[in-house]
Amino acid sequence: MGQKKDLTGSEKSKIVRYLAEGCSSLKIAKLLKRDHRTIKRFIQNSQQGRKKRVEKPRRKITAHELRKVKRAAAKMPLATSLAIFQSCNITGVPKSTRCAILRDMAKVRKAERRPPLNKTHKLKRQDWAKKYLKTDFSKVLWTDEMRVSLDGPDGWARGWIGKGLRAPVRLRRQQGGGGVLVWAGIIKDELVGPFRVEDGVKLNSQSYCQFLEDTFFKQWYRKKSASFKKNMIFMQDNAPSHASKYSTAWLARKGIKEEKLMTWPPCSPDLNPIENLWSIIKCEIYKEGKQYTSLNSVWEAVVAAARNVDGEQIKTLTESMDGRLLSVLAKKGGYIGR
């Protein structure tokens, strides 16, 4: 390990990075295969040459201006800090100060995505709520599908990183690396499934009915008593494979018809309690920005997360239906949130 005169720019960058990671000067010398005195001298010279940051006095915001900013933030959702301050005719405020002020009265959030509701949709949601207002929801089986990818939803891999530490590396794949389609149901305090749709199968009317036959009917429904089958109400949304004439006729042959098959209003994911179950499962399998390397591994994570959902959590979701119906009527068919 010979002593060299000058460090290259690349070596200097590596020294700075290693110092940020907590490496000692001796360890850095070994990693770079340079003389320890050379590394130590560079560190000392760098520290001596640093200029202290001079804090510039921040522009003071008056109480009147603060009230104007608060009103503007309420009227301009998703606007930038600059746009909010400009609308109040407040200039000369740096971005760091603007953000610090806004953090005390607002949060950075993404816009919620939901299907559009027109007048007809709202009327159908109200009619649906009136029709099922006196229903015993402990006898309703709420069903739905969910697709899970290897990487999880965009934006979920964010979190706090300690000072001086580097963020973990994430794999970058197109389309989230593929995914698994999962079907499940909840009734009273019981979880039905989850069941995995075979990879590569597109759920049309025929494949959907065959899937229900192989999973739901053979593995769960046929084990139930005659009285349970007589009283159970089957709920599914209006996906084309669910609401087609073929699927409706097939379910009728299975005894699920007329009042036993719940009609469903359009554009109403907020009314289905199983959507909340999907949120619970996704939060668990993608916590701390977790990624998966295979479809089988993400499926195993879904099964494990579903097992951890206890009966009380499911019961809370199914018992929330009376409140949801009342909210739909109070909002005249509008969205109720979830």
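Residues numbered from 1 in each chain as written. Predicted model: local features only at pLDDT ≥ 70, side-chain atom pairs only at ≥ 80, totals over all residues. Heavy atoms only, no water.

A. Representation of the environment of D322. Mapped onto the elements of the fold, D322 is located in helix α15 (residues 321-330). Overall, D322 belongs to the partly exposed group, its relative accessible area being 40%. Distance from D322 to A129, taken between C-alpha atoms, is 9.2 Å for residues 193 residues apart in sequence. With residues near it in sequence (within four places) discarded, D322 still touches L133 and F137. (Helix = DSSP H or I, 4+ residues; strand = E, 2+ residues; numbered from the N terminus. Buried < 20%, exposed > 50% of the residue type's maximum accessible area, 1.4 Å probe, protein only. Contact = heavy atoms within 4.5 Å.)

B. Here's a closer look at the nonpolar core. By size, the foremost hydrophobic cluster in this structure holds 40 residues, and its most contacted members are W128, W142, V148, M262, I281 and I285. Contributions of two or more residues to this core are made by α7 (119-131), β1 (140-149), β2 (179-187), β4 (233-235), α12 (274-285), α13 (295-307), α14 (311-318) and α15. Counting residues per element, this core draws most heavily on α13, at 7 residues. If near-sequence neighbours (up to four positions away) are discounted, M262 is found in contact with W128, Y132, F137, V140, W142, I233, F234 and M235. One finds L181, C209, W220 and M232 within the second-largest nonpolar core, a separate group that totals 22 residues. (Core = buried A, V, L, I, M, F, W, Y, C linked by side-chain atoms within 4.5 Å.)

C. The arrangement of the pattern of salt bridges in detail. Under the criterion given, the structure shown has 9 salt bridges. For R196, the salt bridge identified is with D199, shortest N-O distance 2.8 Å. (Salt bridge = Lys/Arg side-chain N within 4 Å of Asp/Glu carboxyl O.)

D. Main features of the side chain of S81. Here S81 is to be found in helix α5 (residues 81-87). Under the relative-accessibility criterion, S81 is labelled buried at 12%.

E. Here's a closer look at α14. Three or more residues of α14 are buried, namely I314, L317 and T318. For α14, the buried positions fall inside an angular range of 95° around the axis, keeping them on one side. In α14, the exposed residues that point more than 90 degrees away from the buried face are E312 and T316. Here α14 starts with a cap whose side-chain oxygen sits 3.2 Å from the backbone nitrogen of E312, and that cap is D310. (Arc of directions from axis to C-beta. Polar contact = N/O pair within 3.5 Å; in protein donor to acceptor, adjacent residues only side chain to side chain.)

F. A look at unusual backbone geometry. In this structure, the amide linkage connecting G193 to the following residue, P194, adopts the cis form with an omega of 5°. Position of P194 among the secondary structure elements: in strand β3 (residues 190-196). The backbone of C267 shows a phi angle near 55°, a positive value even though the residue is not glycine. Classification of C267 by relative accessible area gives partly exposed; the value is 25%. You will see that K332, though not glycine, has its phi angle at about 55°, which is positive.

In short, geometric facts, not functional conclusions.
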